[in-house]
Amino acid sequence: MYSGTNYDRVDENTTFAVTKSDVVAQISPLYSTQGENATITMTIYGENGVQIDRDTKVSIKINGKTYLSTTSTSGVLNVEIPTNTLATGYYNVTVIFGENSQYNTLRLESVLVITSQTTDSDNGTLIEE
């Protein structure tokens, strides 16, 4: 709106839309020995290649079940996954960064490999199987 003492009032309306950006991150396969925690560490970037500067809700699923919900801080996710209830084997891992007012959802797929740890009775050393 504009108005002045020498001019008639003028009103103008317009609509604009803010589009959300995509986010980018990579996850590598996770390896753990039974009873030890597996760690996911990653940095989340906007599609322009700049690290995002806000906290984001994150869900971690193992074999399709939500295993852990947390928050990444200023675009950095650093979380330990307790594996004490998981047997040795391979597990599908999905990391989901939630949508917010600025960014779209990001869904990453990986695998968690848990091996057992045994002791060699001849020399007392640990062997991963």
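In what follows, the accompanying structure is described. Predicted model, so just to flag it, every value in this text is computed and none were measured.

### Overview of the sheet that holds strand β8 (residues 65–72)
Strands sit in the order β4-β11-β10-β7-β8 across an open sheet of five strands; the sheet is mixed. Of all strands in the sheet, those with a lone pairing partner are β4 (30–33) and β8, marking the two edges. Going from strand to strand, the sheet's axes swing by 25° on average, the running direction of each strand aside.

### Comments concerning the pattern of salt bridges
Evaluated as defined, the whole model comprises three salt bridges. We note a salt bridge from R9 to D11, for which the minimum N-O separation is 3.1 Å. Exposure remark for R9: the relative accessible area of 55% places this residue in the exposed category. The shortest N-O distance in the salt bridge between K20 and E99 comes to 2.5 Å. With K20 in the loop between β2 (7–10) and β3 (23–24) and E99 in the loop between β10 (89–97) and β11 (106–115), this pair connects stretches of sequence that are 79 residues apart. By relative accessible area, K20 is classed as partly exposed at 32%. In this structure E99 comes out as partly exposed when scored by relative accessible area, which is 49%.

Conventions we followed
Residues numbered from 1 in each chain as written. Predicted model: local features only at pLDDT ≥ 70, side-chain atom pairs only at ≥ 80, totals over all residues. Heavy atoms only, no water. Pairing = 2+ DSSP bridges. Helix = DSSP H or I, 4+ residues; strand = E, 2+ residues; numbered from the N terminus. Axes fitted to C-alpha atoms, helices over the stretch in contact; angles between N-to-C directions. Salt bridge = Lys/Arg side-chain N within 4 Å of Asp/Glu carboxyl O. Buried < 20%, exposed > 50% of the residue type's maximum accessible area, 1.4 Å probe, protein only.

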